[in-house]
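Here are the chains, one letter per residue:
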Amino acid sequence: MRIAEADILILPGLGGIKPGHWQTRWAEKMNTAAIVEQADWWEPNADDWVDTIVKAAELTERTVVFVAHSTSVSALVHAAPRLPDNVRGAFLVAPTDVEESPAAPEAIHVFRPIPRDPLPFPSMLVASSNDPYVTLERAAEFASCWGSDFHQAGEAGHINVDSGHGPWPEGLLMFTRLMQRL
């Protein structure tokens, strides 16, 4: 599937997206992409975040592919059983381990426990070996539980602006590979 053939719904993590973040850049460059806005980026309500994700997918008439970063990965896996049939895939980047990471802010503990059921659509999980919010082992465990292809991004931090990932062309190549599978 080509990117232009799907609605790409971008799910930012806690705090929303900083200017220059790769998700912002992708939203600006992809004609069919939209950032899903949450009511409260800093004090999430798990039910509200999940409902917003489900409603965003329901409002589309075309195939949907999610691009989730950080905390939104947890929100998306919570939403997965309620998503409509037009959701065909997800690109999951730098999931925050809301259960075991000492660096995870208390505000996101609302997403505990992290669901371990297989996702009902193909997905790819990308994780870094030095992400302060998830160990590579935990990220691999999540990928295995969810049935996601797993990609190690090397020492890439939290794969955000602070870790030097503005444009992140390698991520776009991985996303394109996922799209080709759908």
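For the structure given in this document, a descriptive report is provided here.

Time to look at the sheet that holds strand β1 (residues 6-11). The parallel open sheet is built from six strands, whose spatial order is β2-β1-β3-β4-β5-β6. Every interior strand has two partners, whereas the edge strands, β2 (33-35) and β6 (149-152), have only one. Each neighbouring strand pair of the sheet contributes to a mean axis angle of 20°, computed without reference to strand direction. Pairing analysis gives three bridges linking β1 to β2, with the strands arranged parallel.

In this section: the packing of helix α2 (residues 46-58) against helix α3 (residues 71-79). Look at α2 against α3: their axes get within 9 Å of each other, and the N-to-C directions meet at 70°. It follows from the interaxial angle that α2 and α3 lie roughly perpendicular. Counting all contacts with α2, which are made through W49, V50, I53 and V54, the residues of α3 involved are T71, S72, A75, L76, H78 and A79.

We now examine the environment of D51. Looking at the element boundaries, D51 is found in helix α2. Distance in space between the C-alpha atoms of D51 and A75 is 9.5 Å, their sequence separation being 24 residues.

On to the packing of aromatic side chains, then. For the coordinates displayed, the defined rule picks out ten aromatic pairs. Ring geometry for W26 versus W168: centroids 6.1 Å apart, planes at 5°, classification stacked. Here W26, found in helix α1 (residues 22-29), pairs with W168, found in the loop between β6 and α5 (169-181); they are 142 residues apart in sequence, far enough to count as distant. Judged by relative accessible area, W26 falls into the buried class, the value being 4%. Among the aromatic residues, ring-to-ring pairing joins W22, W26, F91, W168 and F175 into one connected group.

Below, the discussion takes up the environment of E155. Tracing the chain through its elements places E155 in the loop between β6 and α5. Judged by relative accessible area, which is 70%, E155 ranks as exposed. Note: C-alpha distance between E155 and D131 (24 residues apart in sequence) is 7.7 Å. Sequence-distant contacts of E155, defined by excluding residues within four places in its chain, comprise S128, S129 and N130.

Turning to helix α4 (residues 136-146), its buried residues are L136, R138, A139, F142, A143 and W146. Buried positions in α4, seen along its axis, are confined to an arc of 165° and lie on one side of it. When the buried face of α4 is taken as reference, the exposed residues oriented beyond 90 degrees from it are E137 and S144. A positive backbone phi angle near 75° is found at G147, which sits one or two residues after α4.

Here we come to unusual backbone geometry. The residue after R112, namely P113, is reached through a cis peptide bond having omega -15°. Structurally, P113 is set in the loop between β4 (87-93) and β5 (123-127). The backbone phi angle of S70 is positive, close to 60°, even though this residue is not glycine. Positioned with a positive phi, I159 is a non-glycine residue whose angle comes to about 50°. You can see I159 is positioned in the loop between β6 and α5. With relative accessibility at 0%, the residue I159 sits in the buried group.

The rules we used
Residues numbered from 1 in each chain as written. Predicted model: local features only at pLDDT ≥ 70, side-chain atom pairs only at ≥ 80, totals over all residues. Heavy atoms only, no water. Pairing = 2+ DSSP bridges. Helix = DSSP H or I, 4+ residues; strand = E, 2+ residues; numbered from the N terminus. Axes fitted to C-alpha atoms, helices over the stretch in contact; angles between N-to-C directions. Parallel < 35°, antiparallel > 145°, perpendicular 65-115°, else oblique. Contact = heavy atoms within 4.5 Å. Phe/Tyr/Trp six-rings, centres within 6.5 Å; stacked < 30°, edge-to-face > 60°. Buried < 20%, exposed > 50% of the residue type's maximum accessible area, 1.4 Å probe, protein only. Arc of directions from axis to C-beta.

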